[in-house]
Amino acid sequence: MALFSVLILTSLCIAGREALSISDCGALARRPEYTDIAVVCGTSAIKLAIQICPVVYTGYNASLLILNHIRDNVDCQGTLDSSVTPPVLRFSFPIRQGNACGSNFLTTSAPGTGIFSDFSDIQKVNVSGVVRSFDTTTGTITYNAELKYYYSCAYPLEYLVNNTQAEVSSSSIALRDKNGSFISTLSMALYQDKSYTKPLVLPDLGVELRTDIFVQVVASNLTSQYFVLLDQCYASVNPQPFNSTIFNLFVLCSVDQLTTMLENGDSQKARFFFQAFRFIEQQNETISTYYLHCITRLCKRSTCSTFKKCNNRKRRSMGSMVVQESITEPSVLTVAIKTKTENSIQSKEEALSDGKGASVGLGIAVAVLVVTGVAAILMAATFYRKLKRLS
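Residues numbered from 1 in each chain as written. Predicted model: local features only at pLDDT ≥ 70, side-chain atom pairs only at ≥ 80, totals over all residues. Heavy atoms only, no water.

A. Spatial organisation of the pattern of salt bridges. Under the defined criterion, the tally for this structure stands at six salt bridges. With a closest N to O distance of 2.7 Å, aspartate 36 and arginine 30 form a salt bridge. Relative accessible area serves as the criterion here: at 23%, arginine 30 is assigned to the partly exposed category. Here glutamate 158 ties to arginine 297 by a salt bridge, and the two come within 3.2 Å at their closest N and O atoms. Pair noted here: glutamate 158 is in strand 9 (residues 158-164) and arginine 297 is in strand 17 (residues 287-300), with a separation of 139 residues, a long-range link. Judged by its relative accessible area of 1%, arginine 297 is buried. Taken together, the shared-partner salt bridges in this structure form one network comprising Arg30, Glu33 and Asp36. (Salt bridge = Lys/Arg side-chain N within 4 Å of Asp/Glu carboxyl O. Buried < 20%, exposed > 50% of the residue type's maximum accessible area, 1.4 Å probe, protein only. Helix = DSSP H or I, 4+ residues; strand = E, 2+ residues; numbered from the N terminus.)

B. Highlighting the sheet that holds strand 1 (residues 37-41). A sheet is described by the order of its strands in space; here four strands give the open sequence 1-2-5-4, paired in antiparallel fashion. At either end of the open sheet lies a strand with only one pairing partner, and these are strand 1 and strand 4 (79-81). Mean inter-strand twist for the sheet, computed between neighbouring axes without regard to direction, equals 25°. Relative to strand 5 (residues 88-94), strand 4 runs antiparallel, the two being bridged by three bridges. Pairing of aspartate 81 across the sheet is with valine 88, part of strand 5. (Pairing = 2+ DSSP bridges. Axes fitted to C-alpha atoms, helices over the stretch in contact; angles between N-to-C directions.)

C. Structural detail: the sheet that holds strand 11 (residues 212-219). Strands sit in the order 10-11-16-15 across an open sheet of four strands; the sheet is antiparallel. The strands lining the two open edges of the sheet, one partner per strand, are strand 10 (186-191) and strand 15 (259-263). Taking each pair of neighbouring strands and ignoring which way they run, the sheet shows an average axis angle of 20°.

D. Representation of the environment of asparagine 238. Tracing the chain through its elements places asparagine 238 in the loop between strand 12 (226-236) and strand 13 (244-251). Every residue in contact with asparagine 238, bar those within four places of it in the chain, is listed here: Ser244, Tyr291 and His293. (Contact = heavy atoms within 4.5 Å.)

E. Molecular detail of the pairing of strand 13. When you tally the buried positions in strand 13, you get seven out of eight residues, the bulk of the element. As paired elements, strand 12 and strand 13 share five bridges and run antiparallel to each other. Looking across to strand 13, one finds that alanine 235 is bridged to phenylalanine 247. Of the strand pairs in this sheet, strand 13 and strand 14 (residues 254-255) are connected by two bridges, and their pairing is antiparallel. Within the sheet, the bridge partner assigned to valine 251 lies in strand 14 and is serine 254. Here strand 13 hands over to strand 14 after two residues, with leucine 252 in that stretch at a positive phi of 55°.

F. Here's a closer look at the environment of serine 152. Of note, serine 152 is situated in strand 8 (residues 148-156). Along the primary structure serine 152 and isoleucine 46 are separated by 106 residues, whereas in three dimensions their C-alpha atoms are 9.4 Å apart. For serine 152, the residues in contact, after removing those within four places along its chain, are Cys41, Asn126, Val127 and Ser128. Reaching out from serine 152, the side chain makes a polar contact with the side chain of asparagine 126 at a distance of 2.9 Å. (Polar contact = N/O pair within 3.5 Å; in protein donor to acceptor, adjacent residues only side chain to side chain.)

G. Representation of the state of the cysteines in the model. Evaluation of the coordinates by the stated rule reveals five disulfides. Between the sulfur of cysteine 41 and that of cysteine 153 lies a disulfide, 2.0 Å long from S to S. As the torsion about the S-S bond is roughly -80°, the cysteine 41-cysteine 153 disulfide counts as left-handed. Taken as a pair, cysteine 41 in strand 1 and cysteine 153 in strand 8 lie far apart in primary sequence, 112 residues in all. Residue class for cysteine 153 comes out buried when judged on its relative accessible area of 0%. The disulfide partner of cysteine 299 is cysteine 304, and the gap between their sulfur atoms is 1.7 Å. Residues cysteine 299 and cysteine 304 are joined through a disulfide that is right-handed, its torsion about the S-S bond being 85°. (Disulfide = S-S within 2.5 Å.)

H. The pairing of strand 12, seen in detail. Of all eleven residues in strand 12, eleven are buried; the element is thus mostly enclosed. The pairing of strand 12 with strand 17 spans ten bridges and is classified as antiparallel. Bridge pairing in strand 17 places tyrosine 234 opposite histidine 293.

I. Inspection of unusual backbone geometry at higher detail. Cis geometry is adopted by the peptide bond preceding proline 86, which originates at threonine 85 and carries an omega value of 0°. With phi around 55°, cysteine 101 is a residue other than glycine that occupies positive phi space. Classification of cysteine 101 by relative accessible area gives buried; the value is 7%. A positive phi is found at arginine 210, a non-glycine position, where the angle reads about 70°. The residue arginine 210 is located in the loop between strand 10 and strand 11 in this model.

J. Spatial organisation of the packing of aromatic side chains. Overall, the coordinates contain 13 aromatic pairs when judged by the stated rule. Here the aromatic rings of phenylalanine 250 and phenylalanine 272 are separated by 5.2 Å at their centres, their planes lie at 85°, and the arrangement is edge-to-face. On the criterion of sequence distance, the pair formed by phenylalanine 250 in strand 13 and phenylalanine 272 in strand 16 (residues 269-275) is long-range, its members being 22 residues apart. An angle of 10° between the planes, with centres 4.6 Å apart, marks the rings of phenylalanine 277 and tyrosine 290 as stacked. Placement of phenylalanine 277 in the loop between strand 16 and strand 17 and of tyrosine 290 in strand 17 is noted, with a sequence separation of 13 residues between them. (Phe/Tyr/Trp six-rings, centres within 6.5 Å; stacked < 30°, edge-to-face > 60°.)

Next up, the structure:
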């Protein structure tokens with residue numbers, strides 16, 4: 001009996017530490033407001049923070065706020081945080097269908113606009129749900145108001161990975177949780193081998209023309225239900241591709257003959273390689289520098305194969321073109337490609353050298369002919385004199 005009493009007392013003490021009273025809240029005890037919930041749309045998890053004092057004022061406590069009607073899963077229950085002012089009840093759950101604490105997933109599609117105008121199906125996923133109060137009142141009526149805290153995070157699934165010149169091969173983008181973006185998980189890197197184990201360090205004088213350049217776009221710390229699919233990758237002379245001449249390595253299903261796709265839309269990384277080239281407009285420069293850009297789609301594992309089908313998607317001609325549209329505040333990754341153009345200069349010098357050699361050879365041949373002619377004339381004159389004496 002004594003042991004049973006001790007267990008009850010211990011449970012009451014624990015419950016006391018997890019609950020707040022109106023006196024604990026003081027001036028923070030008030031009626032609920034629309035701004036009582038804060039939502040952080042992370043790249044792998046969604047986090048909620050609900051002010052607890054208005055909940056206590058209404059007649060509930062932290063244990064009576066239930067996320068999406070789930071009461072028996074400890075991972076979906078809130079945690080009281082009294083270390084901040086005002087104190088809050090925190091929820092955190094992953095962005096994975098079937099394991100998101102009952103959240104609803106809705107994927108919508110719309111025609112692309114702006115930089116995505118060449119794509120007829122741009123997707124966005126919305127993750128939403130509600131935290132409700134659980135009224136323990138029994139009987140016909142209650143005096144407790146029902147509390148509902150709705151949350152919603154919208155994530156676009158199409159991104160422009162835009163690369164400008166830097167001394168390193170790749171970097172990551174700062175996280176923008178407030179906007180609910182997956183762009184911070186994406187990065188691009190260049191490699192020199194097909195196994196993608198040796199990063200490509202660009203020499204000061206650039207890489208040789210026709211060198212194989214291996215490119216990888218990878219998503220890290222991203223919820224596992226999305227794969228990476230490259231819709232378009234192209235090079236431009238200027239760091240910002242807008243209003244600049246560009247060359248498409250591939251657009252949707254149209255792939256340049258010197259570009260090879262290795263993996264695309266099959267995992268959380270996409271890989272391809274192409275042969276180093278140079279822009280003709282940079283022919284007078286020793287080093288040709290250009291910038292690689294990739295429009296990257298995040299698609300559900302079950303739907304990536306649909307986007308890879310060519311017959312249902314728009315096509316755009318390959319080759320060089322000028323882009324005149326832009327997007328607001330593009331996210332930037334840092335990669336540049338430099339190729340040598342000294343080979344063309346050396347070829348001209350070699351051609352000049354060959355020309356000089358040919359001139360020298362011609363001069364020698366002419367000299368030999370002159371000497372031979374003079375010798376023949378002298379021999380003829382000597383022979384004539386001998387004949388004249390004999391006669």
